Amino acid sequence: MNASTSSPAVGLSVWRQYSALTKPRVVQLIVFCALIGMALAVPGLPSRGELGVMLAACLGIWLVAAAAAAFNCLIEQRIDARMKRTAWRPTARGELSPRQALVFSALLCSAGAAVLAVWVNWLTLWLTLATFVGYAVVYTVWLKPTTPQNIVIGGASGAMPPVLGWAALRGEVGAEAWLMCLIIFLWTPPHFWALALYRVEDYARAGLPMLPVTHGNAYTRLQVLLYTWILLAATLLPYLIGMSGWLYLVAALLLGLRFCWFGWQLWRQYSDDLARRTFWFSIWYLTLLFAALMVDHYVAPWLY
């Protein structure tokens, strides 16, 4: 009798609630950056066996990253409920209980850990679990509610995907992997501060010490500008150390100068619309920059 009341629409609604906990767009970018790390770890095209490892690594990293996102939603349930940007989340609306979110996160994390342990390697497993702890516990529980430098310090865990990908294929972590990690680490502050600038009232209402809340709009805009130039310099390093060629260099310069232009415009004449466009451009910036790394990696033997 009860089972007959479960319509497909209801099932789909529940599925979407659980899916929302995983922050799909964020996790997609994480897995994409990890995939780039895998691609660059292998000279030339990967073998069939390496493709299998790449597939398993993407799945395992996706599951653990999704688990971290779900755990983040659980911890920030009350904070999310106070913010317009996040009030729609199932945990914030009470559609999924804390117990459901915790069990879901634990299942995802366990499944991801099993995949990495069995089909990838133990180094990738431990690095991925350390990233989980860094984001879900250190950043979410400690850094985010206590310091305006939360994004800077916590960005270390968010910058790890290329390292995880590299470790999955190499069984060790090289300088190239850490360089990709550095790029994401430096990208994180201007990316999130652009969001925080036009969502400052949300963060203030939630009691979170984001930089625009604690130090004001003008100071945050200056920091965004400075970080875009530092980021531009860092993105030239792959070319300078011979990790990539001129194709990547051109992409890094064009994308980086565009990001710097956004930072300059924000600093000179602020508007919420410009901050919003800067935030969305930053996502495309990182995606296209890492795509250029991969394209250059595969095209280089034919051009240089």
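This one's a predicted model, so the numbers in the text were calculated from it and none came from an experiment. All residue numbers refer to positions counted from 1 along the written sequence of the respective chain. This being a predicted model, a pLDDT of at least 70 is required before a residue's local features are given, and a value of 80 or more before pairs of side-chain atoms are given or counted; all residues contribute to the totals for chains, interfaces and linings. For side-chain calculations, the full set of non-hydrogen atoms in the structure is used, while hydrogens and water are omitted.

A. Representation of the overall build of the protein. Strands are runs of DSSP state E lasting at least two residues, helices are runs of H or I lasting at least four, and both sets are numbered from the N terminus onward. In terms of helices and strands, the protein carries 16 helices and zero strands. For 304 residues, the compact-globule estimate of 2.2 N^0.38 gives 19 Å, and the C-alpha radius of gyration of the protein, at 20 Å, lies within 12% of that figure. Projecting the C-alpha coordinates of the protein onto the three principal axes gives extents of approximately 70 × 55 × 35 Å. Relative to its full complement of 304 residues, the protein shows a buried share of 51%. Contact definition: two residues touch when any of their heavy atoms are within 4.5 Å. Partitioning the intrachain contacts of the protein with sequence separation of at least 6 by distance along the chain shows that 75% fall at a separation of at least 24. Only four residue types enter the tally: Lys and Arg on the positive side, Asp and Glu on the negative side; His and the chain ends are excluded. Where a charge lies is defined by one atom per residue type, namely NZ (Lys), CZ (Arg), CG (Asp) and CD (Glu). The protein carries 20 positive and 11 negative side-chain charges, and their two centres are separated by 7 Å. This radius of gyration counts C-alpha atoms alone. The globule rule is 2.2 Å times how many residues there are, raised to the power 0.38. Exposure classes here rest on a 1.4 Å probe applied to the protein chains alone. A residue is buried below 20% of its type maximum, exposed above 50%, and partly exposed in between.

B. Seen up close, the pattern of salt bridges. Whenever a carboxyl oxygen of Asp or Glu lies within 4 Å of a side-chain nitrogen of Lys or Arg, that contact is scored as a salt bridge. With the rule as written, the count across this model stands at six salt bridges. Between D80 and R89 there is a salt bridge; the shortest N-O distance is 3.2 Å. On the accessibility criterion, R89 (9% relative accessible area) is buried. Of the charged contacts, one joins R277 and D273 as a salt bridge, the two residues approaching to 3.3 Å between their closest N and O atoms. Residue R277 and its partner D273 are located together in helix α16 (residues 272-303), separated by four residues, close to a single helical turn.

C. Spotlight on the packing of aromatic side chains. Classification of ring pairs uses Phe, Tyr and Trp, with its six-membered ring standing for Trp, and accepts pairs whose centres are within 6.5 Å; under 30 degrees between planes counts as stacked, over 60 as edge-to-face, and the remaining range as tilted. All told, the structure shown has twelve aromatic pairs when counted by the stated rule. Arranged with centres 5.8 Å apart and planes meeting at 65 degrees, the rings of F259 and F281 form a pair that is edge-to-face. Residue F259 is found in helix α15 (residues 246-268), and its partner F281 is found in helix α16; the two are separated by 22 residues along the sequence. Comparing F259 with F281 shows no difference in burial state: the two are buried. Counting every residue linked through ring pairs, the aromatic cluster contains F259, W261, F262, F281 and Y285.

D. Examining unusual backbone geometry more closely. Positioned with a positive phi, K23 is a non-glycine residue whose angle comes to about 50 degrees. As for its placement among the helices and strands, K23 is situated in the loop between α1 (8-21) and α2 (24-41). For K23, a relative accessible area of 14% puts it in the buried group.

E. Quick look at the side chain of K144. Its location among the elements puts K144 in the loop between α7 (122-143) and α8 (150-158). If we ignore the near neighbours within four places in the chain, the residues touching K144 are E76, Y139, N150, L208 and P209.

F. Structural context of α15. Helix span, expected: 1.5 Å multiplied by one less than the number of residues in the helix. The terminal C-alpha atoms of α15, which comprises 23 residues, lie 32 Å apart, in line with the 33 Å expected from a rise of 1.5 Å per residue. Looking at α15, one finds that the buried residues are Y248, L249, A251, A252, L255, G256, F259, C260, F262, G263 and L266. Contacts made by the buried residues of α15 are with α10 (175-198), α13 (217-235), α14 (237-240) and α16.

G. Structural context of the packing of helix α6 (residues 98-119) against α7. Axes here mean lines fitted to C-alpha atoms, for a helix over just the part in contact, with angles spanning 0 to 180 degrees between N-to-C directions. Where α6 contacts α7, the axes come no closer than 8 Å and their chain directions differ by 155 degrees. Comparing their axes, α7 and α6 come out roughly antiparallel. In this structure, α6 uses S105, C109, A113, L116 and A117 to contact α7, whose residues at the interface are W122, T124, L125, T128, L129 and F132. Charged residues are taken to be Asp, Glu, Lys and Arg, nonpolar residues to be Ala, Val, Leu, Ile, Met, Phe, Trp, Tyr, Cys and Pro, and polar residues to be all remaining types, Gly included. A per-class count over the contact of α6 with α7 returns eight nonpolar, three polar and no charged. Each angle receives one of four descriptions, namely roughly parallel if under 35 degrees, roughly antiparallel if over 145, roughly perpendicular if within 65 to 115, and oblique otherwise.

H. Representation of a nonpolar patch on the surface within the structure. On the surface, a nonpolar cluster with roughly 1,100 Å² of combined accessible area is contributed by L182, L237, Y239, L240, I241, W246, V250, L254, W302 and L303. For the nonpolar patch, the elements supplying multiple residues, two or more each, are α14, α15 and α16. Considering the arrangement of structural elements, one finds L237 in helix α14. Residue classification places L237 among the partly exposed positions, given a relative accessible area of 32%. The patch calculation keeps residues exceeding 30% relative accessible area without a salt bridge and links them within 9 Å when they carry like charges or within 5 Å when they are nonpolar (Val, Leu, Ile, Met, Phe, Trp, Tyr). A 1.4 Å probe and the Shrake-Rupley method give the accessible areas. Residues count as covered only by the protein chains that appear here.

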